[in-house]
Amino acid sequence: MHDSLDLDRYPLDRPGSAEWQALVNRCRDDLARTGMFNLEGLMRAETAASETAALLPRFASDAFLHERMHNIYFKPVADLPPDHPALRRFHTSNRTLCADQLGGSALLRLYDWPEFARFLAATMDKPVLYPMDDPLARVNVMSYQQGQALNWHFDRSEFTTTLLLQAPEAGGGFEYRTDLRSDANPNYDGVARLLAGDDPDARTITLSPGTLNVFRGRNTAHRVTPVEGARARVIAVFSYFEQPGVTFTEAERTGFYGRAG
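Note that residues are indexed from 1 along each chain, following the sequence as it is written. In view of the model being predicted, local features appear only for residues whose pLDDT reaches at least 70, and side-chain atom pairs are presented and counted only at 80 or more, with totals across whole chains, interfaces and linings using the full set of residues. The basis for the side-chain values is all heavy atoms of the structure; hydrogens and waters are excluded.

We apply this condition: UniProt positions are given in the numbering used here, feature names are shortened, and annotations may be inferred rather than shown by experiment.
Looking at an unreviewed UniProt entry, one finds the chain named 2OG-Fe(II) oxygenase, with Ruegeria sp. PrR005 as its source organism. On record in UniProt, under Sequence similarities (unreviewed entry), the comment for the chain is "Belongs to the iron/ascorbate-dependent oxidoreductase family."

Given below as C-alpha cells:
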C-alpha cells in the first residue's frame, strides 16, 4: 500500500505501534470534540489523480444518475405534518459508480486491506469492522458536476467514511452540523432552523484530494454544496459494518443504483 498511501505520515500498516496508537488517539479526540477527523493526503496525490482520470470516462458512460427531490430524512416522518419546516424538500443530483465497476482500482485494494478496517474500527472504538458482501454497495464513487449537489440528509450508519479524489474549481463544500439530533431527541425545531439557514453551529469545510474524512453521519446533518466550474468533485465512500455478511436488498440496490445487480 506504500505506492498509493502516505504510510510514513499515517502508519496504518503498523497496528499496535506507538505511532499507530498516537494517530488513533488523535482521531478519537477529534471525533469526540468535533464529530469528525481528517487525514489530509492519506492517498498520494498522484494516485488520487490517476484514479480520477480512469473513472471520469466511466461516469460519462456507465454511471447511475441519482436525481431526486427529498427531505432531510429521505422519507415521510409520522410525527410531523407534511408542511412542517423540518420536512422542507431539496434536490439532489450526482452520478454513482459501484464496486463492481471499479475492478483493479486502488480504492478496492484499500477497502479490502485488513489494516484499513482495523484502523477505522480503533478510531471509532469498535472491536472490529467487516467489509460488506454486497457487490455494489461496498465501495461507491460519486461525481458532482456543474450545478450538482448532495443535499441535506442524515446517514443510516453511525459513521461515514469518505476519501476525496478530486476537488472542483469552486463550490462542492462539505457543510455539516454535528450532533444536530440524538437517538433520544429528534430536535425537529433545530432541524428546521438549520434548513432555514439559521444555525450558527453549522460549519463548511473544503477537503483536498487524497483526504480521508470520517464523521458521525447518523446524527450529523450534512450536505455537499452545488459544484461550480468545469471540474467535477469526485469522492469515494467506503461502507463497513460491525457484523459480517451485510448486503443490501434488491429493492435497496435498485433505489440507490438503478439496478439490482
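Back to the text.
## Some remarks on the sheet that holds strand E9 (residues 174–177)
This is how it is decided: Two strands pair under a simple rule: DSSP has to find at least two bridges between them. Helix and strand definitions here come from DSSP, where helices need a minimum of 4 consecutive H or I residues and strands a minimum of 2 consecutive E residues; each element is numbered from the N-terminal end. Axes here refer to lines fitted to C-alpha atoms; in helices the fit is confined to the stretch in contact. Angles between the N-to-C directions go from 0 to 180 degrees.
Across the sheet, which stays open at both edges, the 4 strands sit in the order E6-E12-E9-E10 with antiparallel pairing between neighbours. Every other strand in the sheet has two partners, leaving strand E6 (150–153) and strand E10 (203–205) as the edge strands with one partner each. Direction aside, the axes of adjacent strands within the sheet are offset by 15 degrees on average.

## Re the nonpolar core
Burial of nonpolar side chains together is a common tendency in soluble globular proteins. Where we set the bar: Residue types Ala, Val, Leu, Ile, Met, Phe, Trp, Tyr and Cys, when buried and joined through side-chain atoms within 4.5 Å, form a set referred to as a nonpolar core. Using a 1.4 Å probe on the protein chains alone, a residue whose accessible area is under 20% of its type maximum counts as buried, one over 50% counts as exposed, and one in between counts as partly exposed. For this analysis, residues touch if any pair of their heavy atoms sits within 4.5 Å.
Ranked by size, the top nonpolar core spans 54 residues in total, and within it Phe119 and Phe238 carry the most contacts. Top element by residues in this core is helix H4 (residues 114–123). It accounts for 6 residues. If sequence neighbours within four positions are ignored, phenylalanine 238 has contacts with Leu107, Leu110, Tyr111, Phe116, Arg138, Val139, Thr161 and Leu163. Counting residues in each nonpolar core, the second largest holds 16 residues, with Leu87, Phe154, Tyr188 and Leu194 among its members.

## Structural notes on the pattern of salt bridges
So the rule is basically this: Any carboxyl oxygen of Asp or Glu that lies within 4 Å of a side-chain nitrogen of Lys or Arg is treated as forming a salt bridge with it.
Under the defined criterion, the tally for this structure stands at 15 salt bridges. The salt bridge involving arginine 14 is made with aspartate 13; its shortest N-O contact spans 3.6 Å. Judged by relative accessible area, aspartate 13 falls into the partly exposed class, the value being 27%. The residue arginine 223 makes a salt bridge to glutamate 175 at a minimum N-O spacing of 2.8 Å. With arginine 223 in strand E12 (residues 221–224) and glutamate 175 in strand E9, the pair connects residues that are 48 residues apart, well separated along the chain. Residue classification places glutamate 175 among the buried residues on the basis of a relative accessible area of 15%. Linked by salt bridges that have partners in common, Lys126, Glu158, Arg216 and Glu242 make up one network.

## Some remarks on the sheet that holds strand E11 (residues 212–215)
Strand order in the open sheet formed by 7 strands is E1-E11-E7-E14-E5-E3-E2, with antiparallel pairing between adjacent strands. Of all the strands in the sheet, the pair left with one neighbour each is strand E1 (36–39) and strand E2 (64–70). Here the strands of the sheet are splayed against their neighbours by 25 degrees on average, with no regard to which way each runs. Here 6 bridges tie strand E5 (residues 139–144) to strand E14 (residues 233–238), and the two strands are oriented antiparallel to one another. For tyrosine 144, the partnering residue across the bridge sits in E14 and is arginine 233.

## Some words on the side chain of aspartate 134
For clarity, the threshold we go by: Here a polar contact is recorded for every N or O atom pair within 3.5 Å, except that within protein the pair must consist of a potential hydrogen donor and a potential acceptor, and residues adjacent in sequence are included only if both atoms are side-chain atoms.
On the secondary structure map, aspartate 134 appears in the loop between strand E4 (130–131) and E5. Side-chain polar atoms of aspartate 134 contact the backbone nitrogen of leucine 136, separated by 2.9 Å. In this structure the side chain of aspartate 134 is engaged in a polar contact, spanning 2.7 Å, whose partner is the backbone nitrogen of phenylalanine 248. When residues no more than four places from it in sequence are discounted, the contact partners of aspartate 134 are Val246, Thr247, Phe248 and Arg253.

## Details of the side chain of arginine 138
As for its position among the elements, arginine 138 is in the loop between E4 and E5. Of the residues examined, arginine 138 reaches a relative accessible area of 17% and is grouped as buried. Looking at arginine 138, its side chain comes within polar contact range of the side chain of aspartate 112, at 2.8 Å. Not counting the four nearest positions on each side in its chain, arginine 138 is found in contact with Ala99, Leu108, Tyr111, Asp112, Pro131, Met132, Val237, Phe238 and Ser239.

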